[in-house]
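Overview (structure and organization)
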Amino acid sequence: MKKILLLIVAVLLIGGLLPSIGFAQDETPNFVGIAYGNGSYISIDDKGGIELSSDCVQWTNTYTEPNGRFLKVIWGNNQYMVLTTTKVLISPDGYQWTSFDFGNSEDTIGICDIIWDGKKYIGVGYSSIITSTDGLHWDYQDSKGATYLNSIIYTGTEYIAAGGYMGSGRVMKSTDGYNWSEWYGLMEEYGDDSFEKLCSNGKSYLFQTSFGNLFVSDNLAGGSSSYATSKSLAFYIHDIVSFNNQFVAIASNGTIHYSSDGKNWSAQQLDSTYYFNKIISSNGKLYILGKFGSKKSIFTSTDGKVWARIDYSVKNLLYRKISGYIAPDFIQNQSSVNSNDLLDFNIEIVGTNFHSKTDINGYFEILVPYNQIDAVYSIKISKQNYLQRVFNNMTIKSDVNLAQADKPLTMLIGDIDNNGVINIADIIQITKSFNSIVSDSRYNYTYDLNSDNAINIADIIMIAKNFNRTSTDYLN
Ligand SMILES: [Ca+2]
Ligand SMILES: [Ca+2]
């Protein structure tokens with residue numbers, strides 16, 4: 001019966017029918033990394049998403065790279081670093097990212113793991129060991145022929161990398177991270193398995209294999225006799241870590257396994273409804289990253305025994321919006337409005353790069369990134385010939401609308417010399433072009449306040465109406 005089913009599936013596959021009858025791929029992102037630095041938690045998923053949080057509960061999606069296959073995130077050198085197989089992304093704040101491409105061939109250069117040892121980054125991968133002090137300039141180190149290195153650790157005194165391919169489990173060591181030697185290979189007797197990850201508790205080295213098995217060695221002396229296998233664990237192991245001199249392993253079915261020597265294990269069923277993907281030690285805590293249905297979830301522990309579930313929530317809101325309508329004072333009694341009169345008022349948040357201009361309806365909006373909404377700002381509105389207007393003590397913790405279309409912010413015309421007061425000096429400025437029309441050489445369009453192609457008494461009257469007004473009058 002099973003064979004017949006397989007045959008049917010094979011025929012369907014060949015006929016290309018299987019997708020159409022619905023074997024939908026799981027498109028939900030898998031949580032793959034978390035780190036802490038710069039006062040923020042950062043998390044990454046395997047669909048190119050980066051999220052930031054100050055409390056590990058409320059998260060904000062700050063960056064998404066379409067088709068980005070993120071592997072790991074670390075904090076070091078005062079910056080976040082996100083690893084993909086072909087490049088690293090670097091950011092001091094989690095919002096603005098710079099990338100360094102290792103090259104375009106995953107098969108030859110792909111990096112699988114990366115660490116920061118306090119002075120430099122070290123990455124290991126398919127055929128490479130690379131180092132960098134800043135994340136942007138990388139040096140290739142001699143990997144002594146080792147390929148498919150999946151994992152690297154720094155114990156404080158030594159660097160160890162592990163990997164392997166098709167039944168050639170491989171362990172490399174170094175005392176400085178630059179000069180490497182092969183410690184030895186293992187596992188021909190274990191079929192096509194290879195080392196996926198390693199960790200050390202200070203006494204022993206624990207290896208997780210790509211088939212979900214565990215091996216432990218006290219001395220890495222060479223030969224499989226020095227390794228003990230922990231195959232007896234009931235479930236497929238997804239990830240391992242060492243924490244407080246103890247090994248902790250997670251299985252996909254919501255169980256956690258503990259061992260002090262890597263040989264004798266105890267299990268704790270945390271929650272079978274959760275899928276556990278990664279376990280990470282960071283910032284003195286343990287984090288289990290997983291999923292509940294399609295939702296990302298985190299379990300965290302400070303002692304490796306008592307676990308708290310975090311109800312992870314993500315806001316996609318990246319920005320707060322400051323918006324409003326602006327209109328010149330003189331158009332209020334006009335039946336038709338020249339759109340140029342509404343256009344190009346400058347709105348800027350003083351002391352920042354955030355600014356905007358009004359459109360032909362007098363509308364503007366400024367988007368302020370979520371990580372910069374806590375400050376108190378001044379907003380300045382200006383345009384040639386208008387008395388500058390400033391709003392002080394503005395907070396933008398929520399969206400701010402300064403004025404609606406039917407009651408726009410009024411701007412007073414007449415400050416031709418832009419000194420904050422409308423007076424005789426402004427009128428004198430205009431008199432240089434007084435009684436000129438657009439074809440005259442004396443005509444200066446900036447003084448044609450009502451845009452009627454003539455500079456005459458009508459323009460002077462516009463100034464006179466606001467005579468002696470100053471910028472502080474906007475406050476009254
Ligand atoms: Ca003036
Ligand atoms: Ca005019």
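The structure presented is a predicted model; accordingly, all values stated were derived computationally and were not measured. (Residues numbered from 1 in each chain as written. Chains lettered and ligands numbered in written order. Predicted model: local features only at pLDDT ≥ 70, side-chain atom pairs only at ≥ 80, totals over all residues.)

**Describing the overall build of the chain**
What the chain contains, in helices and strands, is 5 helices and 41 strands. Burial analysis of the chain (476 residues in total) assigns 36% to the buried set. For the chain, contacts bridging at least 24 residues in sequence account for 46% of all contacts bridging at least 6. (Helix = DSSP H or I, 4+ residues; strand = E, 2+ residues; numbered from the N terminus. Buried ≥ 20, exposed ≤ 12 C-beta atoms within 10 Å, placed from the backbone. Contact = placed C-beta atoms within 7 Å.)

**Digging into the nonpolar core**
Formed by 72 residues in total, the largest nonpolar core has its most connected members in Val73, Met81, Val82, Ala161, Leu198, Leu206 and Ile288. When residues in this core are grouped by element, the largest group, 5 residues, is from strand 22 (residues 246-251). Sequence-distant contacts of Leu198, that is, excluding residues within four places in its chain, are made with Ser151, Ile153, Ile160, Ala162, Tyr205, Leu206 and Phe207. Residues Val368, Phe391, Leu449 and Ile463 belong to the second largest nonpolar core, which totals 29 residues. (Core = buried A, V, L, I, M, F, W, Y, C linked by C-beta atoms within 7 Å.)

**Here's the deal with unusual backbone geometry**
Unlike most non-glycine residues, Asn77 shows phi in positive territory, near 60°. Assignment of secondary structure puts Asn77 in the loop between strand 5 (70-76) and strand 6 (79-84). When the 19 C-beta atoms within 10 Å are taken as the criterion, Asn77 is described as partly exposed. Even without a glycine there, the phi angle at Asp344 is positive, about 70°. When you line up the elements, Asp344 lands in the loop between helix 3 (339-342) and strand 31 (346-349).

**Points about the sheet that holds strand 32 (residues 355-357)**
As summarised here, the arrangement of the 4 strands in space is 32-31-34-36, forming an open sheet in which the pairing is antiparallel. Each of the sheet's edge strands pairs with one partner strand only, and the pair in question is strand 32 and strand 36 (389-395). Taking each pair of neighbouring strands and ignoring which way they run, the sheet shows an average axis angle of 15°. As paired elements, strand 34 (residues 376-382) and strand 36 share 5 bridges and run antiparallel to each other. Bridge pairing in strand 36 places Lys380 opposite Val390. (Pairing = 2+ DSSP bridges. Axes fitted to C-alpha atoms, helices over the stretch in contact; angles between N-to-C directions.)

**Examining the environment of Val32**
Following the sequence through the fold, Val32 ends up in strand 1 (residues 31-37). By the C-beta count within 10 Å, which is 22 here, Val32 ends up buried. When the C-alpha positions of Val32 and Lys47 are compared, they lie 9.7 Å apart, and in sequence the two are 15 residues distant. Here Val32 is in contact with Ile44, Asp45, Asp46, Phe70, Leu71, Asn277, Lys278 and Leu289, once residues within four sequence places are set aside.

**A short note on the environment of Trp180**
Its place among the elements puts Trp180 in strand 16 (residues 180-186). Considering only alpha carbons, one finds Trp180 and Ser143, 37 residues apart in sequence, at a separation of 6.4 Å. Excluding anything up to four places from it in sequence, Trp180 contacts Ile129, Gln141, Asp142, Ser143, Lys144, Met172, Lys173 and Ser174.

**Thoughts on the sheet that holds strand 7 (residues 87-91)**
Ordered by their spatial adjacency, 4 strands build an open sheet running 5-6-7-8, and the pairing between neighbours is antiparallel. Looking at the sheet topology across the chains shown, the edges are occupied by strand 5 and strand 8 (98-101). Sheet twist, expressed as the average angle between the axes of neighbouring strands with direction ignored, equals 20°. By the bridge criterion, 4 bridges tie strand 7 to strand 8 in an arrangement that is antiparallel. Counterpart to Ile90 in the pairing with strand 8 is Thr98.

**Quick look at the packing of helix 4 (residues 424-431) against helix 5 (residues 457-465)**
As a packed pair, helix 4 and helix 5 sit with axes 10 Å apart at the nearest point and diverge in direction by 165°. The pairing of helix 4 with helix 5 is recorded here as roughly antiparallel in orientation. For the element pair helix 4 and helix 5, the recorded crossing hand is right-handed. Mapping the contact onto sequence places Asp426, Ile427 and Ile430 in helix 4 and Asp459, Ile460 and Ile463 in helix 5. (Parallel < 35°, antiparallel > 145°, perpendicular 65-115°, else oblique. Left-handed = near helix turned anticlockwise from the far one by under 90°.)

**Structural notes on the pairing of strand 6**
The buried fraction of strand 6 is high, at 5 of 6 residues. Turn length for the strand 5-strand 6 hairpin, with the two strands adjacent in sequence and antiparallel, is 2 residues, and the turn residue Asn77 shows positive phi of about 60°. Between strand 6 and strand 7, which pair antiparallel one after the other, the connecting turn spans 2 residues.

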